[in-house]
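Structural overview
For reference, the chains in residue letters:
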Amino acid sequence: MTLSVRISQRLESFTLDATFEAPAGVTVLFGRSGSGKTSVINAIAGLTRPETGRIEVDGTVLMDTDTGTWLQPHRRRLGYVFQDARLFPHLTVAKNLGYGARFAPKDAAPVDRDKVIDMLGLGGMLDRRPGTLSGGEKQRVAIGRALFSAPRMLLADEPLAALDEDRKAEILPYFERLRDTFDIPILYVSHAAAEVARLATTIVVLENGRVKRVGPAGEVMADPQITPLGPGAAGAMLEAVVLAQHADGLTELDAGGLRLLIPQVARQTGDALRVHIEAQDVMLALDRPEGISALNVLPATVRDIRMGDGPGALVQLDAGGNLILARVTRRSVDAMGLKAGQPLFAILKAVSVARDAVGV
Amino acid sequence: MTTWLGPAEWQAIALSLKVAVWATLAALPPGLFIAFALARWEFPGRQILNGLVHLPLILPPVVTGYLLLLTFGKTGPVGSVLEPLGIVFAFRWTGAALAAGIMAFPLLVRAIRLSIEAVDPKLEQAAATLGAPKGWVFVTVTLPLILPGILAGAILAFAKAMGEFGATITFVSNIPGQTQTLPSAIYAFLQVPGSESAAIRLVIISVAIAMLALVLSEIAAQRIARRVRG
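Residues numbered from 1 in each chain as written. Chains lettered and ligands numbered in written order. Predicted model: local features only at pLDDT ≥ 70, side-chain atom pairs only at ≥ 80, totals over all residues. Heavy atoms only, no water.

With that settled, consider the interface of chain B and chain A. The interface is formed by 22 residues belonging to chain B together with 23 residues belonging to chain A. Where chain B abuts chain A, roughly 2000 Å² becomes buried across the two surfaces, and 64% of that area is made up of carbon and sulfur atoms. Linking chain B with chain A are one salt bridge. Linking Lys122(B) and Asp84(A) is a salt bridge whose minimum nitrogen-to-oxygen distance equals 3.9 Å. There are four residue pairs in polar contact (both at pLDDT 80 or more) connecting chain B and chain A. For the side of chain B that touches chain A, the secondary-structure elements that each account for two or more residues are helix 6 (121-129), helix 7 (134-163) and helix 10 (196-229) of chain B. Considered class by class, the residues forming the side of chain B that touches chain A number 13 nonpolar, five polar and four charged. (Contact = heavy atoms within 4.5 Å. Buried area = accessible area lost by both parts, 1.4 Å probe. Salt bridge = Lys/Arg side-chain N within 4 Å of Asp/Glu carboxyl O. Polar contact = N/O pair within 3.5 Å; in protein donor to acceptor, adjacent residues only side chain to side chain. Helix = DSSP H or I, 4+ residues; strand = E, 2+ residues; numbered from the N terminus. Nonpolar A, V, L, I, M, F, W, Y, C, P; charged D, E, K, R; others polar.)

In this section: the packing of helix 6 of chain B against helix 7 of chain B. Between two packed helices, what matters for the description is the angle formed by their axes and the separation of those axes. All names here are of chain B. Look at helix 6 against helix 7: their axes get within 10 Å of each other, and the N-to-C directions meet at 155°. In terms of orientation, helix 6 and helix 7 fall into the roughly antiparallel class. Remark: the crossing between helix 6 and helix 7 carries right-handed chirality. Counted together, Leu123, Glu124, Ala127 and Ala128 of helix 6 and Val137, Val141, Thr142 and Leu145 of helix 7 form the full contact between these two elements. Looking at side-chain class alone, the contact of helix 6 with helix 7 contains six nonpolar, one polar and one charged residues. (Axes fitted to C-alpha atoms, helices over the stretch in contact; angles between N-to-C directions. Parallel < 35°, antiparallel > 145°, perpendicular 65-115°, else oblique. Left-handed = near helix turned anticlockwise from the far one by under 90°.)

Residues and elements named next belong to chain A. Strand order in this open sheet of five strands is 16-20-17-18-19, and the pairing throughout is antiparallel. Two strands bound the open sheet, and with one partner strand each, they are strand 16 (282-285) and strand 19 (322-329). Each neighbouring strand pair of the sheet contributes to a mean axis angle of 45°, computed without reference to strand direction. Both strand 17 (residues 296-307) and strand 18 (residues 312-319) contribute to a ladder of six bridges, which runs antiparallel. (Pairing = 2+ DSSP bridges.)

Once that is clear, we can look at the UniProt feature "transmembrane region" (unreviewed entry) in chain B. Residue and element names in this part refer to chain B. Per the UniProt record, the feature "transmembrane region" (unreviewed entry) sits at residues 20-39, 51-73, 85-109, 136-159 and 198-221. Across residues 20-39, helical content stands at 100% and strand content at 0%; the span's end C-alpha atoms are separated by 26 Å. In residues 51-73, helix accounts for 87% and strand for 0%; the two terminal C-alpha atoms are 24 Å from one another. (UniProt positions renumbered as here; feature names shortened; annotations may be inferred.)

Glancing now at the side chain of Thr227(A). Residue and element names in this part refer to chain A. Looking at the element boundaries, Thr227 is found in the loop between helix 7 (217-221) and strand 12 (235-245). A distance of 2.9 Å separates polar atoms of two side chains, one belonging to Thr227 and the other to Arg306. Here Thr227 is in contact with Ala234, Arg306 and Leu314, once residues within four sequence places are set aside.

By a frequent convention, interface size equals the accessible area lost on bringing the separate parts together. Residue and element names in this part refer to chain A. Each assigned domain of chain A is listed with its residue range as follows: domain 1 (3-221) and domain 2 (235-359). Relative to domain 2, the C-alpha centre of domain 1 lies at a distance of 32 Å. Taken together, the contact between domain 1 and domain 2 spans 13 residues of the former and 10 residues of the latter. Taken together, the two surfaces of domain 1 and domain 2 that pack against each other cover about 890 Å², and 53% of this comes from carbon and sulfur. The three residues of domain 1 that bury the most area against domain 2 are Ala197, Arg198 and Met221, which together make up 54% of that side's buried surface. The tally of links from domain 1 across to domain 2 stands at three residue pairs in polar contact (both at pLDDT 80 or more). (Domains from an automatic or database assignment.)

Moving on, we come to the sheet that holds strand 14 (residues 258-263) of chain A. The strands that make up a sheet pair up through hydrogen bonds in the backbone, lying either parallel or antiparallel. Residues and elements named next belong to chain A. Overall, antiparallel pairing links the five strands, which are arranged 14-13-12-15-21 in an open sheet. The open sheet has two free edges, formed respectively by strand 14 and strand 21 (358-359), since each of these has just one partner strand. Inspection of the sheet shows strand 12 paired to strand 13 (residues 250-255) by four bridges, in the antiparallel sense. Bridge pairing in strand 13 places Ala244 opposite Glu252.

In the numbering used here, UniProt assigns the "domain: ABC transporter" (unreviewed entry) feature to residues 5-233 of chain A. Taken end to end, residues 5-233 of chain A is 29% helix and 26% strand, and its first and last C-alpha atoms sit 28 Å apart.

To continue, consider the pattern of salt bridges. All names here are of chain A. A full pass over the atoms with the stated rule returns 19 salt bridges over all chains. Residue Arg140 pairs with Glu170 through a salt bridge whose shortest N-O separation is 2.8 Å. Pair noted here: Arg140 is in helix 4 (residues 135-148) and Glu170 is in helix 5 (residues 165-181), with a separation of 30 residues, a long-range link. The exposure class assigned to Glu170 is partly exposed, which follows from its relative accessible area of 22%. With a shortest N-O distance of 3.6 Å, Lys212 and Glu207 are connected by a salt bridge. Residue classification places Glu207 among the partly exposed positions, given a relative accessible area of 33%. Through salt bridges with shared partners, a single network forms among Arg54, Glu56 and Asp64. (Buried < 20%, exposed > 50% of the residue type's maximum accessible area, 1.4 Å probe, protein only.)

Okay, here's the thing in structure tokens:
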């Protein structure tokens, strides 16, 4: 499946002018608030109408101003999970779930409803009404409701933004499971780097209504030139495998030969997972430091340096084939004489890897 | 009972109920449509339509009744067209229902419009993304959510229709058995010396019907609200 978008639309404060293509998997529209992410997803859903452009999902043209094609929202078959769950207050959870099912075309792949209910843990709340559900439960029902309508693709507009931290931690794994167990492409809007690092297959970076970069998640996250939330929030994403669980509460990971110790994650040996490493947690040293408390000292090579406008700089490192970002001062870059190709050591405190920075 | 109320009084009560029920039922579909248009659509003449709907509320009822007579009377522009088709309003109970319906219309539209404005259009958007066409969205999402407003508007309209006097007596006069509704009958009794007791009996009946309608609507509204809020 591919999503192909080319739209232009005047908005209140700027002009949205976005063109991108996305392959299967989870595509994240990434950018700060007001960058036009929601406008893009609403245009795809047909809730707003761009002045010019063309949108195609999986060979079906949803809109094309050149040919005058315009598919009504209810004919697009895109499941939309809104930030505010938007459940129907007068219907039970079961009826909310079933609302879109009658409109699923006969030739669509049948939805395994039991599997959806089971995966989202909805079994116990089918007879309840939305008014009695917590925010996290509502969002789970909203995901299920979208899946039941047998959509071509799932759209999610910051589905976690309205939830508190605990609820976020509760819902995010459902999206990971959705990505891994259901063969459904997802377009996910987010301005939270940790979410992006855990979910994204492809990242589309939006800035002031324009696409700044499209690429595989690992590459885009580790690009020092692309920092949609500012260099302070930059961070790379490592794909790793659980190597061992240690008795002292640490989990050892293997990322392409690189050994990494992080606080314990409840996973089996051999499980694959993703770790988001924030650039500001990474320290650099020219020589291997001795007698240091940090547990992760990783041999690496400098690939790219982006000097910031302020006192900071972002250094992109290659550590055993993994791309890592380190945020240091420009003064340090000068003092250490850093330049591309230079070997050095990246230092990462194990405890600086937060629990929500680790996903499957 | 029959000795307490004379046949003329029973006639007035039955006629009033008939007029009010028909006025309310007939006003509901256009009232719902116009309320929806005013709440949701932008179109030229929206303010004019809004003003027209509210006109019976502000005009003296006698003026509304006279305008109805001019329009729907046998020689009026609408009345003369309808008469050959066998539809006559002037001096018939149907005319009383028309007058009552027109007088109740603003109250009906206001109540429904407020409830439509309280429905979040985002819910309807969500329904559309699930594949539901517009008509289906209206029937399965909008309508159930505005049911309390429709009910409140209908009860208000019914009460107004039961009590309508000025426009009715101007448009269809005060013919016992034809157009003599409860208020007209009370008025007629008050014109005849010695009929005060009959008037008082009808007044008591009026109060009882109004109270009953209010209580019923209150019960129904609570039930619906509980269902809608979940």
